[in-house]
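Spelled out, the chains give:
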Amino acid sequence: TQKFPEVVEKSRSMRELLLEAYGSAQGSRAGEFRGIWDHDGTGLYPGDWGRTAKVLAESGFTDVFANTMWVGKVHYKSSVLPVSDTCRMYGDQVAQGVAAAHGKGLKYHVWKVCWRLDGAQAAYVDKIKKQGRLQVTDAGKTINWLCPSRPENVDEELKGIREVVSSYEVDGIHLDYIRYTSMHACFCQACRKTFEKEIGRTVGKWPGDVMSGTLKKPYYTWRALQISRFVRLVKIEVMKVRPEIAVSAAVYGKYPSSLDSVGQDWPLWLKNNYADFVCPMDYTADPDRFLEYVKGHMEFEELSSRIYPGIGVTALESRLDAAQVIDQVNILRKAGAGGFILFDMNRVLEKEVLPVLKMGVTAER
C-alpha cells in the first residue's frame, strides 16, 4: 500500500514513453486537410490568438474553425447582429483570429451556428417568438430554433454571413446545425402554408397527414429542400464577395437516414457545389464503428476527396487519447479520405494529443 503512489507514477511514465514511441513510429501525409473545431471561438488563450496559431502551425494543422457566429450573438464587431460579451471582453475575435492564422500559414473559417437561438438576448428571442418565426414540433411545442421555411429567417441568417465575409479576409464559412432539431420539427403554420402551395392542395389533417401516409415522403423531401436551398443561398452570397471563400458544413454522417431525421442532404450539396466540403461528425471510441462510418462516406467516390471526417477527441459521444486519435487518422487515410478535423480545441487536445500527433502523424503540412 505504501508503494501505491510510486507504482502509479511509474505506470504513468511508462504509458507516456509508449505513447511517444507509438507517435514517433507513425508516418505523415503531406498536403492533406487538417482542421480543428474551436467551440469557444477564442482560441486556446483568450485574447492571444497569436499563441494559438503558433501551437496549431507547429502541430502540423492547416485550418482552424472558430465558433464566432450564432443567430443572436457574434464575437466580432457587427452592425447587423448583437455583439457578445466575449467580444467586449477580449476584442474582435474574427479580426484577431484571421490575422494570427494567416501569419502562421493557417486558414481561418468562421464557424456559423444556424437557426439556434442559444445565448441570444431574451428581448431578441421574445421578438422572434411573437412574430411566429420559431420552429414548432409535431406535438405543438414551440422551440427556440428559427424555422428555415420563413423568408425573414433566411434573410436574418444571410445578412450576418454577408457582413462577415465582406468585412474580414476569412477563408471560409462553416455551417453548423444546418438542419432541423429532429424529425419531429418543424410543423408550424408557415411550413403548412408553404408546403400546401408547393403541392397545390390543402393538407386536411395537420401534422398527422404529413407524418404518415402518402404525404410523408413529399413533406420530408420538401423539408430537406429548405435546408439545401439555404446552403445554396450562402454559396451565392459568398461568391458575390470572394469566390475563393470556402463554404463547408458539419453534418450527420449517416446518409440517407439524415434526410428524414434532420433534413440534411449533404451529398446533394457537394454534387451541386453548394458546399466545397463537409465534415461528418463521426464521434465514437469504437474503431470498427469509425471504420464503418468512414467507409460509408467513401462510397461517394466522386465526392470522397471533399469529405473530411470529424474525430471526437473530447465529444459527448467519445473521449480519445492520443493513440486512439492516431488509430482513427490511420483508418480514414487508408479508406481514402482527403483529411480530417478534430473536436475540440481545449487543454486536453493541446497538452495530451497534439504533442504526440506532431511526432509523426502531422509531422509536416
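Cut-offs and rules
- Residues numbered from 1 in each chain as written.
- Predicted model: local features only at pLDDT ≥ 70, side-chain atom pairs only at ≥ 80, totals over all residues.
- Heavy atoms only, no water.
- Buried < 20%, exposed > 50% of the residue type's maximum accessible area, 1.4 Å probe, protein only.
- Helix = DSSP H or I, 4+ residues; strand = E, 2+ residues; numbered from the N terminus.
- Contact = heavy atoms within 4.5 Å.
- Pairing = 2+ DSSP bridges.
- Axes fitted to C-alpha atoms, helices over the stretch in contact; angles between N-to-C directions.
- Parallel < 35°, antiparallel > 145°, perpendicular 65-115°, else oblique.
- Left-handed = near helix turned anticlockwise from the far one by under 90°.
- Nonpolar A, V, L, I, M, F, W, Y, C, P; charged D, E, K, R; others polar.
- Phe/Tyr/Trp six-rings, centres within 6.5 Å; stacked < 30°, edge-to-face > 60°.
- Right-handed = clockwise from strand over helix to strand, strands pointing away.
- Core = buried A, V, L, I, M, F, W, Y, C linked by side-chain atoms within 4.5 Å.

Q: Lay out helix α2 (residues 49-58) with the relevant residues and their values.
A: Taken as a whole, α2 has its buried residues at Trp49, Thr52, Ala53, Val55, Leu56 and Ala57. In this fold, the buried residues of α2 make contact with β1 (33-38), β2 (63-69), α4 (93-103), β3 (107-113) and α14 (347-357). Gly60 sits one or two residues past α2 and shows a positive phi near 85°.

Q: Could you give an account of the sheet that holds strand β10 (residues 339-343), naming the residues involved and the relevant values?
A: One open sheet holds the eight strands; their spatial order is β8-β7-β6-β3-β2-β1-β10-β9, and the pairing between them is parallel. Taken across any chain shown, the strands that pair with only one partner, and hence form the sheet edges, are β8 (277-280) and β9 (310-312). Neighbour-to-neighbour, the strand axes of the sheet open up by a mean angle of 25°, direction not taken into account. One ladder, built from six bridges, connects β2 with β3; its direction is parallel. Paired with Asn67 across the bridge in β3 is Trp111. Contacting β1, β2 and β3, α2 runs over the sheet at an angle of about 145° to β2. Across the sheet, α4 touches β2 and β3, and the angle it forms with β3 is around 150°.

Q: Just give me the short version of the packing of helix α6 (residues 151-167) against helix α9 (residues 216-241), but keep the residues and values in it.
A: With their axes 10 Å apart at the nearest point, α6 and α9 run at an angle of 30° to one another. As far as their axial angle goes, α9 and α6 are roughly parallel. Here the hand of the crossing between α6 and α9 comes out right-handed. Contacts between α6 and α9 involve Val154, Glu157, Leu158, Ile161, Arg162, Val165 and Ser166 from the first element and Phe230, Leu233, Val234, Glu237, Val238 and Val241 from the second. A breakdown of the residues in the contact of α6 with α9 according to their chemical character gives nine nonpolar, one polar and three charged.

Q: Please give an account of the packing of aromatic side chains that cites residues and values.
A: Under the definition given, this model contains 23 aromatic pairs. Here the aromatic rings of Trp37 and Phe343 are separated by 6.2 Å at their centres, their planes lie at 65°, and the arrangement is edge-to-face. Here Trp37, found in strand β1, pairs with Phe343, found in strand β10; they are 306 residues apart in sequence, far enough to count as distant. For the pair shown, Trp37 and Phe343 are each scored as buried. Look at Tyr219 and Tyr220: their rings are 6.0 Å apart centre to centre, the planes differ by 85°, and that puts the pair in the edge-to-face class. Accessibility classification places Tyr219 together with Tyr220 in one group, the buried group.

Q: Can you tell me about the pairing of β2, naming the residues and giving the values?
A: Within a regular strand, the side chains alternate between the two sheet faces. Of all seven residues that make up β2, seven are buried, and the element is covered over most of its length. Judged from the four bridges that link them, β1 and β2 form a sheet pairing that is parallel. Looking across to β2, one finds that Trp37 is bridged to Phe65. Tracing the backbone out of β1, into α2 and back to the parallel element β2 gives a crossover that is right-handed.

Q: Please provide a residue-by-residue account of the nonpolar core, values included.
A: Membership of the largest hydrophobic core comes to 102 residues, with the highest contact counts inside it found for Tyr108, Leu175, Ile178, Trp269 and Leu342. Tallying contributions element by element places α9 first for this core, with eight residues. Filtering out sequence-adjacent residues up to four positions away, Ile178 remains in contact with Cys114, Trp115, Ile227, Phe230, Val231, Ala249, Ala250, Gln264 and Trp269. Counting 15 residues, the second largest nonpolar core, distinct from the first, contains Trp37, Phe65, Tyr308 and Ile341.

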